[in-house]
Amino acid sequence: MKNIYITDLDHTFLRSDLSISDYTKKIWNAHADEAILGIATARTYKKTAQFLKGISVTAPMILLDGALIATVDKKIIDTKFVNKEMGDAIIEAGATLGIYPFVLSLVGNELSEAFSYSTTLNSYQSEIIKRYANDDHTAVFKELRAMEQNFKIVYMADEEILLELQKKLIALFGDELKYILAPEAYMGCHFLTVLHKDADKSRGIRSVSEAVGFDLNRLTVFGDNYNDIGMFELAKTAVAVANAQERVKEQADIVLEHTNDEDGVAHYLEALL
């Protein structure tokens, strides 16, 4: 029976400049024959595929915080959507506070993703949009609305205003939705991610386990932020990189000496070879 290694991307497997070192590629790929290798990320399929060039991934990928499970060759295994009615209500709640989200959706029957946003952006969002300047799946709207099938709705702002928005959304929807409020390490702000109540990385891992047929008792996961805690609770071995949030470290079985910029995941895996 093979061991399973599933890693988060940002601030865990990726360096802070969004690169993957040759050392990490070499060590990760060296496990491809004797282990099942997977990814669990908040990123879209398109961005994940760009980052993982030259990286062996042998299990369906857990994408968009678990709202999408898909293989490298774009076969969709599972989806969890926020419907249009809820999505529009979420956008309207944010508008009362003067903030508007990024809306990540599925368009059509194939794995075609849409990244929608408002013409009204705060400074954090404006900086993020610069990184998507050459992407063909982004669309800007003066009157932002949700689509029919929304993977997740993401706000970026200071923590105080996002806490106020989260309270509004909980009052509207209660536990019909999932809310993740966490630090955004790249920008120095916070983000509030709103998802289908059953969309998370731990449920995604269970879907992948059913699709591939692996034993959760042989699962090791790597992460750094609050959206990784669910899979930490599920895995046999939970590993936090040295730069992980303190709350995440508290949930880990192992806290590495190395950060993501020091190839922490690769150092751990090399010791197993």
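Everything numeric here is computed off the predicted structure, so don't read it as measured data.

The rules we used
- Residues numbered from 1 in each chain as written.
- Predicted model: local features only at pLDDT ≥ 70, side-chain atom pairs only at ≥ 80, totals over all residues.
- Heavy atoms only, no water.
- Helix = DSSP H or I, 4+ residues; strand = E, 2+ residues; numbered from the N terminus.
- Buried < 20%, exposed > 50% of the residue type's maximum accessible area, 1.4 Å probe, protein only.
- Contact = heavy atoms within 4.5 Å.
- Lys, Arg positive; Asp, Glu negative; His and termini not counted.
- Charge placed at Lys NZ, Arg CZ, Asp CG, Glu CD.
- Expected span 1.5 Å × (residues − 1).

### Describing the overall build of the protein chain
Scanning the protein chain from N- to C-terminus turns up nine helices and 15 strands. Here the C-alpha coordinates of the protein chain stretch approximately 55 × 35 × 35 Å along the principal axes. Counting across all 273 residues of the protein chain, residues that qualify as buried make up 55%. Of the contacts formed within the protein chain by residues at least 6 apart in sequence, a portion of 60% connects residues at least 24 apart. Side-chain charges in the protein chain split into 28 positive and 41 negative, and the spacing between the mean points of these groups amounts to 3 Å.

### Some words on the environment of Ser21
Along the chain, Ser21 falls in the loop between strand 1 (3-7) and helix 1 (22-30). For Ser21, a relative accessible area of 11% corresponds to the buried category. Spatially, the C-alpha atoms of Ser21 and Tyr5 are 18 Å apart, while their sequence positions differ by 16 residues. In this structure, Ser21 is in contact with Arg15 and Asp263, ignoring residues within four places of it in sequence.

### A look at helix 3 (residues 84-95)
Taking 1.5 Å per residue, twelve residues should reach 16 Å; helix 3 reaches 16 Å between its end C-alpha atoms and fits that length. Along helix 3, the positions that sit buried rather than exposed are Met86, Gly87, Asp88, Ile90, Ile91, Ala93 and Gly94. Next to the buried residues of helix 3 lie strand 6 (82-83), strand 7 (102-106), strand 10 (149-157), helix 5 (159-173), strand 11 (177-184) and strand 12 (189-196).

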